[in-house]
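The chain contents come next:
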Amino acid sequence: MKKQRESDAARLCRKQFLLNNKKNFFLTILTVFVMAGSRLLLAFMTRGITEAMELKDLGRLRDALIFAGFAAAGGLFTGLMSKTYRNRYMKEGLSQFKKYVFDKLFQKSIGQFGDTSSGKFISAFSNDINSIEINYLAGNIHLISQVISFVGGFFAMLYVDWRLMLCVMVTALGPMFVSMKYGRRIKTRERQTSEINEGFVDQIKDLLNGFIIIKSFKAEKEVLQIFDKQNAELEETKRARREANDMVGIISEASFTIVLIVLVAVGTFFVFGGTMTIGSVLAFVQLSSEVLNPISKIVTLWSNHKAAVGLVSRISDVIEAKDDSCDKIEITDIEQSIMLQNVSFSYDDGKMAISDVSIEFEKGKSYAVVGSSGGGKSTLLRLLLGHLSHYQGEITIDGKELRSINLDSLYDVISVIQQNVFLFDSSIKDNITMFKSFPQEKYREAISMAGLSALIDEKGDDYDCGEAGGNLSGGEKQRVSIARCLIRETPVLLMDEATAALDNATAAAVSNAILDIDGLTRIIVTHKFEESIMRRYDRIIVIQKGGVAESGTFDELMGMKKYFYSLFNVAQEEDELQPINL
């Protein structure tokens, strides 16, 4: 049953190429028929002109040349029509297919997306789709054209002389079987190339993301060695793929030469015997190319077609996610609390990132989560967002287990502001509203609380943020991210070092604005220990080595004089050592 569903999903993917695109496809194929027919007629016109020359019949020569002129004009017109409809078919087919794949991709949950290597998606939208365009869309048209040429040429040769046709077909059998053998290799090589390219894309992404670390540790030589190894593996696979394609071409050229020799030899024998005209032999030479070229090309095109179908199936496997949202609980608010009970979680390395954590976040209260780097603070937030479902213990929202909640409804309740900001190459307003409509009053309130008013007044809310927010400073990008979450007015707000890029005064202003919001449940991961802000939290949770080391109000934790007390005092000393920016 699983294989059948996968096959259905792949077929549904392939249907996107013809969706609202059948007219362009059929008109393209019609022109292919006409153009193939025109090429066959040229062979008969060659015979007619040659025989007219042999008989010195000017009337027959004139008629043949007029007919040839009309055929050439018709072929030119059909070629222009083919160009128009073929390119329309290609454009519509690719556009619809990519739109379908991208739409299915965004139907995946964050957890499902995180479980799949992003290299798969990047490879699907680069190498795989490029191969599908060449070998499936364009390849199918070329394949049909070659089949028409082969069938038409076969019957045309049969009509001219069955004996010579039989010689041609018998001579071509050997090369055809060899081509089929190499055709199977093409399909295998295409899939191998796609798989290795996926890993290569992942590696490039990781190396570019780690560029600063690589340079600062002077690890360029070691990194280049890693790059060279995978790059060489990818290019070797591509070389093998090209070699398989080239071998089919070499066999095709050799078979054509052999057949041509046989054709001329046998045709000359028949001419000398008076059973065939020179015009018929010349027509056969032309018709043989209509049969021999397709023999090798059909094998290659069919192999490439099957390889492209395999890539479509592979893409469908990547994007086709199990839709279990109908079986999950919808939530619209948080009535009581979010609770973690004996929660533990480890990543693939097996090391515990969170260990036996029990915390209750009550509705409308404010919580600071502090601790040293790598202690598990960010993992805690990812768990609350449903990004990581393979945890032990229970995470409940008003008594409902998080894994049983529809994540779409969860994100209507929870907003998150992260340290790493993603911005579109669009205006500040578009990046705050995420291209949605909000009342102007709500928009103005969000930019005020995020400390963006001065920037908006100076540059306007239509100011272009640039690619990856390149036209804004780090602090400005962070404030846009904060405003983006505040404008949604969700009942719960999570913040992961969201004020790290802001100066102390701006960070304090933004933090106070967020803490002033009535009824909002705030869970804020922070490394800033401003005393006036810390005193405003209902509870401070201290994370150490994946567990809760301490929990309490600011005064309670300072009175304990334990881990939080040390963190706070170290932070005060560091602040005193910070240079003053004038």
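Details of the overall build of the chain
Argument step 1. What the chain contains, in helices and strands, is 19 helices and 10 strands.
Argument step 2. The 582 residues of the chain split such that 45% are buried.
Argument step 3. For the chain, long-range pairs separated by at least 24 residues make up 75% of all intrachain contacts whose partners lie at least 6 apart in sequence.

Observations regarding the pattern of salt bridges
Here the idea is simple: oppositely charged side chains can pair when their charged atoms come close.
Argument step 1. In the structure shown here, the tally under the stated rule is 12 salt bridges.
Argument step 2. Of the charged contacts in the structure, one is a salt bridge between Glu 489 and Lys 442, with a shortest N-O distance of 3.3 Å. With a gap of 47 residues between them, Glu 489 in the loop between helix H15 (474–486) and strand S7 (492–496) and Lys 442 in helix H13 (residues 440–449) connect regions that are remote in the sequence.
Argument step 3. Since its relative accessible area comes to 25%, Lys 442 is described here as partly exposed.
Argument step 4. Between Asp 555 and Arg 535 there is a salt bridge, with its nearest N and O atoms 2.7 Å apart. Here the residue Asp 555 occupies a position in helix H18 (residues 554–560), and Arg 535 occupies one in the loop between helix H17 (531–534) and strand S9 (539–544), the gap between them amounting to 20 residues.
Argument step 5. The class for Asp 555 is partly exposed, based on a relative accessible area of 48%.
Argument step 6. Using a relative accessible area of 44% as the deciding quantity, one classes Arg 535 as partly exposed.
Argument step 7. If you follow the salt bridges from partner to partner, you end up with Glu 531, Arg 535 and Asp 555 in one network.

Thoughts on helix H10 (residues 377–384)
Because an α-helix packs 3.6 residues into every turn, residues spaced three or four apart end up facing the same way.
Argument step 1. Most of H10 sits inside the fold, with 6 of its 8 residues counted as buried.
Argument step 2. Where H10 is concerned, the buried positions are Lys 377, Thr 379, Leu 380, Leu 381, Leu 383 and Leu 384.

Some words on the sheet that holds strand S1 (residues 337–346)
Argument step 1. With antiparallel pairing, the 4 strands of this open sheet are ordered in space as S2-S1-S4-S5. Of all strands in the sheet, those with a lone pairing partner are strand S2 (352–362) and strand S5 (400–401), marking the two edges.

Here's the deal with the sheet that holds S7
Argument step 1. Strand order in this open sheet of 6 strands is S6-S7-S8-S3-S9-S10, and the pairing throughout is mixed. With one partner strand each, in any of the chains shown, strand S6 (414–417) and strand S10 (547–552) form the two edges of the open sheet. Taking the axes of each pair of neighbouring strands and ignoring which way they run, one obtains an average angle of 15° across the sheet.
Argument step 2. The sheet contact formed by strand S3 (residues 366–370) and strand S8 (residues 521–525) spans 4 bridges and is parallel.

So, the side chain of Thr 78
Argument step 1. Locating Thr 78 in the fold gives a position in helix H3 (residues 58–105).
Argument step 2. For Thr 78, a relative accessible area of 9% corresponds to the buried category.
Argument step 3. In contact with Thr 78, other than residues within four places in its own chain, are Thr 31, Val 34 and Met 35.

Concerning unusual backbone geometry
Argument step 1. Of note, the phi angle at Asp 398 is positive, near 50°, even though the residue is not glycine.
Argument step 2. By relative accessible area, Asp 398 is classed as buried at 18%.
Argument step 3. In this structure, Lys 561 is a non-glycine residue whose phi angle is positive, near 55°.
Argument step 4. Within the secondary structure layout, Lys 561 lies in the loop between H18 and helix H19 (563–577).

Examining the packing of helix H2 (residues 22–55) against H3
Argument step 1. Axis separation between H2 and H3 bottoms out at 8 Å; the angle between their running directions is 160°. Relative to H3, H2 is oriented roughly antiparallel. For the pair H2 and H3, the sense of crossing is left-handed.
Argument step 2. Of the residues contributing to the contact of H2 with H3, the split by class is 18 nonpolar, 9 polar and 5 charged.

What to know about a nonpolar patch on the surface
Argument step 1. Side chains of Val 147, Val 151, Phe 155, Leu 158, Trp 162, Leu 166 and Val 170 sit close together on the surface and give an oily, nonpolar patch of about 670 Å² of accessible area.
Argument step 2. Where the nonpolar patch is concerned, the elements lending two or more residues are helix H5 (118–160) and helix H6 (162–209).
Argument step 3. Here the nonpolar patch takes 4 residues from H5, the largest share from any one element.
Argument step 4. Position of Phe 155 among the secondary structure elements: in helix H5.

Digging into the nonpolar core
Argument step 1. Among the nonpolar cores identified, the biggest contains 48 residues, and Ile 432, Ile 540 and Phe 564 are the most heavily contacted of them.
Argument step 2. Tallying contributions element by element places helix H16 (residues 504–515) first for this core, with 6 residues.
Argument step 3. Once residues within four sequence positions are removed from consideration, Ile 540 is found in contact with Ala 368, Val 370, Met 534, Glu 550, Ser 551, Gly 552, Thr 553, Phe 554, Leu 557 and Phe 564.
Argument step 4. By size, the runner-up hydrophobic cluster in this structure holds 34 residues, among which are Ile 331, Leu 381, Ile 414 and Val 492.

Quick notes on the environment of Glu 236
Argument step 1. With respect to the helices and strands, the residue Glu 236 is situated in helix H8 (residues 220–272).
Argument step 2. In the structure, Glu 236 is positioned 43 residues away from Thr 193 in sequence and 9.2 Å away in space, judged by C-alpha atoms.
Argument step 3. Separated by 2.6 Å, the side chains of Glu 236 and Arg 239 make a polar contact.

Parameters and conventions
- Residues numbered from 1 in each chain as written.
- Predicted model: local features only at pLDDT ≥ 70, side-chain atom pairs only at ≥ 80, totals over all residues.
- Heavy atoms only, no water.
- Helix = DSSP H or I, 4+ residues; strand = E, 2+ residues; numbered from the N terminus.
- Buried < 20%, exposed > 50% of the residue type's maximum accessible area, 1.4 Å probe, protein only.
- Contact = heavy atoms within 4.5 Å.
- Salt bridge = Lys/Arg side-chain N within 4 Å of Asp/Glu carboxyl O.
- Pairing = 2+ DSSP bridges.
- Axes fitted to C-alpha atoms, helices over the stretch in contact; angles between N-to-C directions.
- Parallel < 35°, antiparallel > 145°, perpendicular 65-115°, else oblique.
- Left-handed = near helix turned anticlockwise from the far one by under 90°.
- Nonpolar A, V, L, I, M, F, W, Y, C, P; charged D, E, K, R; others polar.
- Patch = residues over 30% accessible without salt bridge, like charges linked within 9 Å, V, L, I, M, F, W, Y side chains within 5 Å.
- Areas by Shrake-Rupley, 256 points an atom, 1.4 Å probe, with all protein chains shown as cover.
- Core = buried A, V, L, I, M, F, W, Y, C linked by side-chain atoms within 4.5 Å.
- Polar contact = N/O pair within 3.5 Å; in protein donor to acceptor, adjacent residues only side chain to side chain.

Such coordinate-based values are descriptive only and should not be taken to indicate function.
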